[in-house]
Amino acid sequence: SDHKRLKETQAINKSLSSLGDVFTSLANGSKHIPFRNSKLTYLLQDCLSGDGKALMFVNLSPTIESSNESLCSLRFAQRVNAVELGKATKHVQYSSKQGSGRR
């Protein structure tokens, strides 16, 4: 059970680290954005590539025991907040059957 939990924690931390790398690259205007470094960043590629908007929630715990984790979360949120993705654009697809015969 502890081994499984450790593996899961490592996987989550790796994904978040990769997401942080993507945000850093976006903030710096890098030519190469490392979207393929994790499944998470690969799946979020369309949302973070300029045609979408991203919203991030940060959960914090008020307990002393969680203060280090909460501080790390706030630092990550500050790093993400520094990134300007640009204006979201709306893509609308219209069906080829514009007149379905209903009136």
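Residues numbered from 1 in each chain as written. Predicted model: local features only at pLDDT ≥ 70, side-chain atom pairs only at ≥ 80, totals over all residues. Heavy atoms only, no water.

1. A look at the overall build of the protein
This is how the line gets drawn: The helix and strand labels rest on DSSP assignments: H or I over at least four residues marks a helix, E over at least two residues marks a strand, and numbering proceeds from the N terminus. Burial classes: relative accessible area under 20% of the type maximum marks a residue as buried, over 50% as exposed, and values in between as partly exposed (1.4 Å probe, protein chains only). In this description, contact between two residues means that some pair of their heavy atoms is separated by no more than 4.5 Å. Using a 1.4 Å probe, accessible areas were evaluated by the Shrake-Rupley method; residue-level cover was limited to the displayed protein chains.
For the protein, the count of helices and strands is four helices and zero strands. Each helix (α) and strand (β) of the protein, taken in turn from the N terminus, gives the series α-α-α-α. In the protein, buried positions account for 18% of the 103 residues. Taking contacts inside the protein between residues at least 6 apart in sequence as the whole, the part at least 24 apart equals 45%. Taken as a whole, the protein presents about 9,000 Å² of accessible surface, with 51% of it coming from carbon and sulfur.

2. Side note on the pattern of salt bridges
Here is the rule we go by: When a carboxyl oxygen of Asp or Glu lies within 4 Å of a side-chain nitrogen of Lys or Arg, that pair is called a salt bridge.
Taken as a whole and judged by the stated rule, the model has one salt bridge. Two residues, Asp21 and Arg79, come together in a salt bridge whose shortest N-O distance is 3.9 Å. Of this pair, Asp21 sits in helix H1 (residues 2-28) while Arg79 sits in helix H4 (residues 67-81); the two residues are 58 residues apart in sequence, bridging distant segments of the chain. Take Asp21: its relative accessible area is 33%, and that puts it in the partly exposed class.

3. Quick word on a nonpolar patch on the surface
Keep this limit in mind: Exposure above 30% relative accessible area and no salt bridge define the residues that can form patches, which grow by joining like charges within 9 Å and nonpolar side chains of Val, Leu, Ile, Met, Phe, Trp and Tyr within 5 Å.
On the surface, a nonpolar cluster with roughly 300 Å² of combined accessible area is contributed by Met56, Val58, Leu60 and Leu74. You can see Leu60 is positioned in the loop between helix H3 (45-48) and H4. Since its relative accessible area comes to 45%, Leu60 is described here as partly exposed.

4. Structural notes on the nonpolar core
Operational definition: Side-chain atoms within 4.5 Å are what join buried Ala, Val, Leu, Ile, Met, Phe, Trp, Tyr and Cys residues into a set we call a nonpolar core.
By size, the foremost hydrophobic cluster in this structure holds nine residues: Leu19, Val22, Phe23, Ile33, Phe35, Leu48, Phe76, Val80 and Val83. The set of elements that each furnish at least two residues to this core consists of H1 and H4. Among the elements that take part in this core, H1 stands out by supplying three residues, more than any other. Not counting the four nearest positions on each side in its chain, Val83 is found in contact with Phe23, Leu26 and Ala27.

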